[in-house]
Amino acid sequence: MGAAGVGEIAEGLERALCTRPVPVGVAAVRFLIKSEGSTKGVACLLGVSQRTVQRWVTSRPGIRRRPGCEHAQRISAVVRARWQPRVRARQQARAEADGFVFHARARFGFAAAAGSSDDPRRRLITQHLSGAVARELFAAQDAGAGEQQQLVILARALGHAYFRDGGRRAHGLVVAFTDVEFADFSIG
């Protein structure tokens, strides 16, 4: 839970694209061994010795070691990149075609007179957003856009769907969407 800088949007998109949780810890190393074919391949991939990888996965007491913080981050990044590629592609295509349901708790509203019910405040938001928004979010993510740029995309889309009623009213509003506590995406 935190501010927009934590990566809540990116994490929510990641969760929506996977049908099973991404392995962590020893399971992640075992996944890499299975995908690479050997501890030597994993060692080359992570830039460590083969013996180090063997120590991470051994079942012998007293010999087993846990990856250090830097290695654990590297393992996590490699596993996330390789986890369920076909499922991810299928889920992304479905979201881009049909849209998705966005569910979040954040500060959301627009600049209004003091005391207005539309003033920015903490809201629990559940809104269906179109495939065009999904395409824009995935394109921004692929281009390396930060959390702030993704928030701008979502603010524009939520403002259009929530306050402007699909473009039928309230033209010219500047929507505020900040302080994201959590963000989840439901696809299909």
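You'll find the structure just up there.
Each chain carries its own residue numbering, running from 1 in the written order of its sequence. Given that this is a predicted model, residues contribute local features only at a pLDDT of at least 70 and side-chain atom pairs are listed and counted only at 80 or more, while totals for whole chains, interfaces and linings are drawn from all residues. Excluded from the side-chain calculations are hydrogens and water; all other atoms, namely the structure's heavy atoms, are used.

Chemist: What exactly am I supposed to notice about the overall build of the protein here?
Modeler: Only runs of H or I of at least four residues qualify as helices and only runs of E of at least two qualify as strands under DSSP, and these elements are numbered from the N terminus. Each helix and strand counted, the protein has eight helices and three strands in total. Listing each helix as α and each strand as β along the protein from the N terminus yields α-α-α-α-α-α-β-β-α-α-β. Each of the 188 residues in the protein was classed as buried or not, and the buried ones make up 38%. When contacts within the protein are restricted to residue pairs at least 6 apart in sequence, those whose partners lie at least 24 apart make up 66%. Here the accessible surface of atoms and residues is derived via Shrake-Rupley with a 1.4 Å probe, and residues count as covered only by protein chains that are part of the display. Total accessible area computed for the protein in this model is approximately 10500 Å², and 52% of it derives from carbon and sulfur atoms. Residue exposure (1.4 Å probe, protein chains only): buried if accessible area is under 20% of the type maximum, exposed if over 50%, otherwise partly exposed. Residue contacts are defined here by distance: any two heavy atoms, one from each residue, within 4.5 Å place the two residues in contact.

Chemist: What is the right way to look at the side chain of Q84 in this model?
Modeler: With respect to the helices, strands and loops of the structure, Q84 is situated in the loop between α5 (69-82) and α6 (85-98). If sequence neighbours within four positions are ignored, Q84 has contacts with C18, T19 and R20.

Chemist: Help me understand the sheet that holds strand β1 (residues 100-110) in this model?
Modeler: Whether parallel or antiparallel, the strands of a sheet pair through hydrogen bonds between backbone atoms. One open sheet accounts for three strands, arranged β2-β1-β3; its pairing is antiparallel. Looking at which strands have only one partner, the edges of the open sheet turn out to be β2 (121-129) and β3 (175-187). Going across the sheet, the axis of each strand differs from the next one's by a mean of 20 degrees, ignoring polarity. Strands pair, by our definition, only if DSSP identifies at least two bridges between them. As paired elements, β1 and β3 share ten bridges and run antiparallel to each other. In the sheet register, A104 faces β3, and the bridge partner there is A183. To obtain an axis, a line is fitted to C-alpha atoms, over the contacting stretch when the element is a helix, and the angle between two such axes runs from 0 to 180 degrees between their N-to-C directions. Most of the contacts of helix α1 (residues 8-17) go to β3, to which it runs at about 10 degrees, and overall it touches β1 and β3.

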